[in-house]
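In case you want the letters, here they are:
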Amino acid sequence: MITIRDVEHVAKLARLSLSDEEKQLYTEQLAKILGYFDELQKVDTTGVEPMAHALSLTSVVRDDLVVAPPGSSVVLACAPESENGYFKVPRIGE
Amino acid sequence: MKELVGKSVQELRALLGGKAVSAREVLAAHRQHIDSVEPELQAFNCLTEDLAARQAARVDKLIADGEVLPPLAGVPIALKDNICVPGYPTTCSSRILESYRPPYQATVAERLQEAGAIFVGKTNLDEFAMGSSTENSGFKPTRNPWNTAMVPGGSSGGSAVAVASGMSVIALGSDTGGSIRQPASFCGVAGMKPTYGRVSRFGLVAFASSLDQIGPLGRCLEDVAITLSVISGHDGKDSTSLSLPVPEYVKELTGDVEGLRIGVISELTGQGMDAEVLESVELAARQLGQLGAGVEEVSLPATRHALAVYYLIATAEASANLARYDGVKYGYRHRQAEDLLSMYRASRQEGFGVEVKRRIMLGTYALSSGYYDAYYKKAQQVRRLIKEEFDRAFARFDLLVCPTSPTVAFEFGARTGDPLQMYLSDIATIPVNLAGLPGISIPCGFGKSGLPIGLQLIGPTLGDAQVLRAAHAFEQATEFHKKRSPVLSAA
């Protein structure tokens, strides 16, 4: 059974700072949803290879052609903050 | 000018080719219609007016120069707002991307431009395509043109409404678990999810990469077939796009279903489905039989597990795909954070809506240490069982049919309090994505309340042409697609 501590742990992994109300809501809802998903445990999957994709694709390679990249100014124009051609972020660590 | 609204691709082509009207006039008629119905329906996040004017001028020049017109010349199209078009926002109806303007173009948008289409605007959706009613849009609800007290379905609700209301002739949506087919069903239009890999996903904002596929919506099968041929084909920018020739799908619309073997999925035509939906679908199956197809019941017991499998796989993939929204490279940033980690957490907390966060939480949980085998791996194993069951069914049948959705369109707020209830709206469409198959929803009746009912036809891998052929044969033999939503029939 999923607890509020599980929800807090998962929120930390997912980089979400949930409010107390959200923690409560998600604890209840995830418990209900995961409870419904438990039916899968009854399915016999002995020896069944997990399927990651609908297509049985092997590695695809394309021609090694030189193409014009959009350029760093175009990319940086999308950023919330940049400086001297770099993405700018708040302090990292202590 | 009103008479230019509600036309098909071929009708517009004849008018433009015969110089009876110009592309500018077609666009102006649609703009006028948008001005009159959009304030109530709210299908669009933005209108791409300058681009549309340039595209229409280009088509008019082709006409003036006596050039052969490309397949969608002068045809107004709406694009779901998770498909990148440079120069305009691509928001995914999320606060986190509200100010994002992509510096690149989706391959489908490029192909539509080359085909002469006119982009009228970007349509509303459930945030990041996560939802079945468009109520999860971070901006606004979109209303169903048949009855504005009802949801349009989702997540491609805006695209379905644009087509059903006549604000565009065709539209593109994306379908991860039913997001083209279910709103098409709710809005009484045709909507197709092609075989996985048929259409390039380059420039489609990722939700669940092993399930996402772009596809067309239209008021008739011919329009859907023409659009699918334009957007299909290999793309070096999407390694999952199939390197196979693209049929001219419109030539496959022969009206002939003689000898086609059709299986009615028994697990999806019983419990959990509304009686009026089942009745219409049963009549539709009988109609296909009268047209010469052999119709039989088929049992696909593993599809019972599809919903659980889907919500584990899709949320796991989504939690990984949405990790990119970190307030650094693009999108919303919380400005008051003192360090990087708090900036990530606050930006994501404020930028994402409640359903998106719920799914990120679910997916992160399913992938987390200690639960991976029990949930994610198990779901992938059952996914294979579902796929193999479809493979066996397609050894005996050419097509499978069932309802698109268990119900007709529901009221706003009816399911928002219970996520599991909302997820159940996708019970009949989800198995198709898990197996990567082509599926379409077409109108097959109306409920007691007058709302449209959708029939889903499912084909084997790369059986897109036979799905379209059978859907078209049904359309031609029936009148359902001719009934228009009130806002369009009043135009």
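The structure presented is a predicted model; accordingly, all values stated were derived computationally and were not measured.

The rules behind each value
- Residues numbered from 1 in each chain as written.
- Chains lettered and ligands numbered in written order.
- Predicted model: local features only at pLDDT ≥ 70, side-chain atom pairs only at ≥ 80, totals over all residues.
- Heavy atoms only, no water.
- Pairing = 2+ DSSP bridges.
- Helix = DSSP H or I, 4+ residues; strand = E, 2+ residues; numbered from the N terminus.
- Axes fitted to C-alpha atoms, helices over the stretch in contact; angles between N-to-C directions.
- Salt bridge = Lys/Arg side-chain N within 4 Å of Asp/Glu carboxyl O.
- Buried < 20%, exposed > 50% of the residue type's maximum accessible area, 1.4 Å probe, protein only.
- Expected span 1.5 Å × (residues − 1).
- Contact = heavy atoms within 4.5 Å.
- Patch = residues over 30% accessible without salt bridge, like charges linked within 9 Å, V, L, I, M, F, W, Y side chains within 5 Å.
- Areas by Shrake-Rupley, 256 points an atom, 1.4 Å probe, with all protein chains shown as cover.
- Buried area = accessible area lost by both parts, 1.4 Å probe.
- Polar contact = N/O pair within 3.5 Å; in protein donor to acceptor, adjacent residues only side chain to side chain.
- Nonpolar A, V, L, I, M, F, W, Y, C, P; charged D, E, K, R; others polar.

Concerning the sheet that holds strand β3 (residues 118-123) of chain B
All names here are of chain B.
Thought 1: Pairing in this open sheet of eleven strands is mixed, and the strands run β1-β3-β2-β4-β6-β5-β10-β11-β9-β7-β8 from one edge to the other. Two strands close off the open sheet at either side, each with one partner strand: β1 (44-47) and β8 (294-298). Across the sheet, the mean angle from the axis of one strand to that of its neighbour is 30 degrees, orientation sign disregarded.
Thought 2: Strand direction decides the pairing type here: strand β5 (residues 190-193) and strand β6 (residues 213-218), joined by two bridges, are antiparallel.

A short note on the pattern of salt bridges
Thought 1: In total, this model carries 27 salt bridges over all chains according to the counting rule given.
Thought 2: Between B:Glu248 and B:Lys251 there is a salt bridge, with the nearest N and O atoms lying 3.4 Å from each other.
Thought 3: Relative accessible area serves as the criterion here: at 60%, B:Lys251 is assigned to the exposed category.
Thought 4: Put simply, B:Arg469 and B:Glu252 hold a salt bridge, and the shortest N to O gap is 3.1 Å. On the criterion of sequence distance, the pair formed by B:Arg469 in helix α15 (residues 464-477) and B:Glu252 in the loop between α7 (221-231) and β7 (261-265) is long-range, its members being 217 residues apart.
Thought 5: Residue B:Glu252 is classed as partly exposed on the basis of its relative accessible area of 25%.
Thought 6: Among the ionic contacts, a cluster of salt bridges with common partners joins A:Glu81, A:Glu83, A:Lys88, B:Arg333 and B:Arg335.

Comments concerning helix α3 (residues 49-64) of chain B
Residues and elements named next belong to chain B.
Thought 1: Between its terminal C-alpha atoms α3 stretches 22 Å, which fits the 22 Å expected from 16 residues at 1.5 Å a residue.
Thought 2: Among all positions in α3, only Leu51, Ala52, Gln55, Ala56, Val59, Asp60 and Ile63 are buried.
Thought 3: Buried-residue contacts for α3 involve α1 (9-17), α2 (23-41), α4 (107-114) and β3.
Thought 4: Once α3 ends, the next one or two residues include Gly66, with phi positive near 70 degrees.

Examining a nonpolar patch on the surface
All names here are of chain A.
Thought 1: Together, Val74, Val75 and Phe87 line one region of the surface with nonpolar side chains, adding up to about 200 Å² of accessible area.
Thought 2: Locating Phe87 in the fold gives a position in strand β2 (residues 86-87).
Thought 3: For Phe87, a relative accessible area of 35% puts it in the partly exposed group.

Topic: the pairing of strand β10 (residues 439-446) of chain B
Residues and elements named next belong to chain B.
Thought 1: Of all eight residues in β10, seven are buried; the element is thus mostly enclosed.
Thought 2: One ladder, built from three bridges, connects β5 with β10; its direction is antiparallel. Paired with Lys193 across the two strands is Gly439, which belongs to β10.
Thought 3: The antiparallel hairpin formed by β10 and strand β11 (residues 452-458) contains five residues in its connecting segment, where Gly450 sits at a positive phi of about 85 degrees.

Comments concerning the interface of chain A and chain B
Thought 1: If you look at the interface, chain A gives 52 residues, while chain B gives 67 residues.
Thought 2: Surface buried jointly by chain A and chain B totals about 5500 Å² across both partners, of which 67% is contributed by carbon and sulfur atoms.
Thought 3: Between chain A and chain B we count four salt bridges in total.
Thought 4: Here B:Arg333 ties to A:Glu81 by a salt bridge, and the two come within 3.1 Å at their closest N and O atoms.
Thought 5: Our count for the contact surface shared by chain A and chain B stands at 26 residue pairs in polar contact (both at pLDDT 80 or more).
Thought 6: For the side of chain A that touches chain B, the elements supplying multiple residues, two or more each, are α1 (4-13), α2 (20-37) and α3 (72-76) of chain A.
Thought 7: Counting residues per element, the side of chain A that touches chain B draws most heavily on α2(A), at ten residues.
Thought 8: Among the residues forming the side of chain A that touches chain B, the class breakdown is 34 nonpolar, six polar and twelve charged.

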